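A structural walkthrough
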Amino acid sequence: MNEYLKPFVPMVKFLGAYLGDGTEVVLHDLTDWNYSVVAIENGHVSGRDIGSPVTDLALKIINEGRYKHEPYMTGYISRGINGHVLKSATFFIRNPKDELVGMMCINSDCQDMVRVRDMMDALIKSMNIPEATGEEVIENFTGNVADLIEANFRKVCSADDEKIRAMKHKEKMEIVTRLDAMGTFLMKGAVGEIAERLHISVPTLYRYLNRCKNT
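Residues numbered from 1 in each chain as written. Predicted model: local features only at pLDDT ≥ 70, side-chain atom pairs only at ≥ 80, totals over all residues. Heavy atoms only, no water.

**Quick word on the sheet that holds strand 5 (residues 100-109)**
The strand order 2-1-5-4-3-6 describes an open sheet built from 6 strands, whose pairing is mixed. In this open sheet, the two strands that pair with only one neighbour each are strand 2 (37-41) and strand 6 (138-140). Averaged over all adjacent pairs, the angle separating strand axes in this sheet is 30°, with direction ignored. Packing against the sheet, helix 1 (residues 9-19) makes contact with strand 1 (23-29), strand 2 and strand 5, and its axis sits at approximately 170° to strand 1. The strands touched by helix 2 (residues 56-64) are strand 3 (72-79), strand 4 (85-94), strand 5 and strand 6; relative to strand 6, the strand with the most contacts, the crossing angle is about 120°. (Pairing = 2+ DSSP bridges. Helix = DSSP H or I, 4+ residues; strand = E, 2+ residues; numbered from the N terminus. Axes fitted to C-alpha atoms, helices over the stretch in contact; angles between N-to-C directions. Contact = heavy atoms within 4.5 Å.)

**So, unusual backbone geometry**
For residues besides glycine, phi is generally negative; the peptide bonds are generally trans as well. Despite not being glycine, D98 shows a phi value in the positive range, around 70°. You will see that H199, though not glycine, has its phi angle at about 60°, which is positive. Structurally, H199 is set in the loop between helix 7 (190-198) and helix 8 (202-214). Taking the relative accessible area as the measure of exposure, H199 reaches 31% and is therefore partly exposed. (Buried < 20%, exposed > 50% of the residue type's maximum accessible area, 1.4 Å probe, protein only.)

**Examining the packing of aromatic side chains**
Tallied over the full model, the rule gives 1 aromatic pair. Its guanidinium or amino end placed over the ring of F153, R197 lies 5.4 Å from that ring's centre, counting from NZ or CZ. (Phe/Tyr/Trp six-rings, centres within 6.5 Å; stacked < 30°, edge-to-face > 60°. Lys NZ or Arg CZ within 6 Å of the ring centre and 35° of its normal.)

**Observations regarding helix 6 (residues 169-181)**
Between the first and last C-alpha of helix 6 there are 18 Å, a value that for 13 residues agrees with the 18 Å anticipated at 1.5 Å per step. All of the buried residues along helix 6 are K172, M173, I175, V176, L179 and D180. Looking straight down helix 6, one finds its buried side chains confined to an arc of 160°; they lie on one side. Those residues of helix 6 that are buried are in contact with helix 2, helix 4 (145-156), helix 5 (161-166), helix 7 and helix 8. (Expected span 1.5 Å × (residues − 1). Arc of directions from axis to C-beta.)

**Quick look at the packing of helix 4 against helix 7**
Contact geometry for helix 4 and helix 7: axes closest at 11 Å, N-to-C directions at 45°. With respect to their mutual orientation, helix 4 and helix 7 come out oblique. Judged by the sense of rotation from one axis to the other, the crossing of helix 4 with helix 7 is right-handed. Here I149, E150, F153 and R154 of helix 4 lie close against helix 7, whose contacting residues are A190, E193, I194, R197 and L198. Looking at the contact of helix 4 with helix 7, its residues break down into 5 nonpolar, no polar and 4 charged. (Parallel < 35°, antiparallel > 145°, perpendicular 65-115°, else oblique. Left-handed = near helix turned anticlockwise from the far one by under 90°. Nonpolar A, V, L, I, M, F, W, Y, C, P; charged D, E, K, R; others polar.)

**With respect to helix 2**
When helix 2 is considered as a whole, its buried residues turn out to be D56, L57, A58, L59, I61 and I62. On the buried face of helix 2, the contacting elements are strand 3, strand 4, strand 5, strand 6 and helix 4. At the C-terminal side of helix 2, G65 shows a positive phi close to 70°.

**Observations concerning the pairing of strand 5**
Here strand 5 lies mainly inside the structure; 7 of its 10 residues are buried. Direction of pairing for strand 1 relative to strand 5: antiparallel, over a ladder of 7 bridges. Within the sheet, the bridge partner assigned to L27 lies in strand 5 and is M104. As defined by bridge partners, strand 4 adjoins strand 5 across 9 bridges and the pair is classed as antiparallel. Note that in strand 5 the partner of L86 across the bridge is D109. As consecutive antiparallel partners, strand 4 and strand 5 are separated by 5 residues, and within that stretch D98 has a phi angle of approximately 70°, a positive value.

See the structure below:
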């Protein structure tokens, strides 16, 4: 574990005990994204344990450098492995050089409140009251790196294997571009996995990535 994260481990236990079984508190060590979870309380909320990888949202934050401009994020929506909706927050942990070394995240299960909201939505709809809309930030929790790569791939490509084989160069290039923007290729093994899914060679995928960066 990164030395700058050790003081946060007791805080994980404290917050987990205080906030209760419905709220998960997790500490990520970003020196190893493949096994980033180093401390966790109430992991049943998201279905994770120590040794789980970073999330899709964490990869996006790292890739975009959002942590450089904000000390934390609050009030965004995540989704657990069991499909439950979670209200989440993330605190960015930096070392003395202002480098991002970790994140402390809090995820509260809102499923019961969602059921009540759905009942109210049905009532509002029956009364013809206009619905308010807003953008949500969705984070998905996975138990291992392979599942994370799979989830990102399915976000940008829903085609079956036969259709993927028939795709043209431009279509595959677009998939690689979108996956790169999501930070997918920061994960160990992602290049080989995506190359196999797209039925292209690893060198070809690296050429696509170079074109993405040049563009």
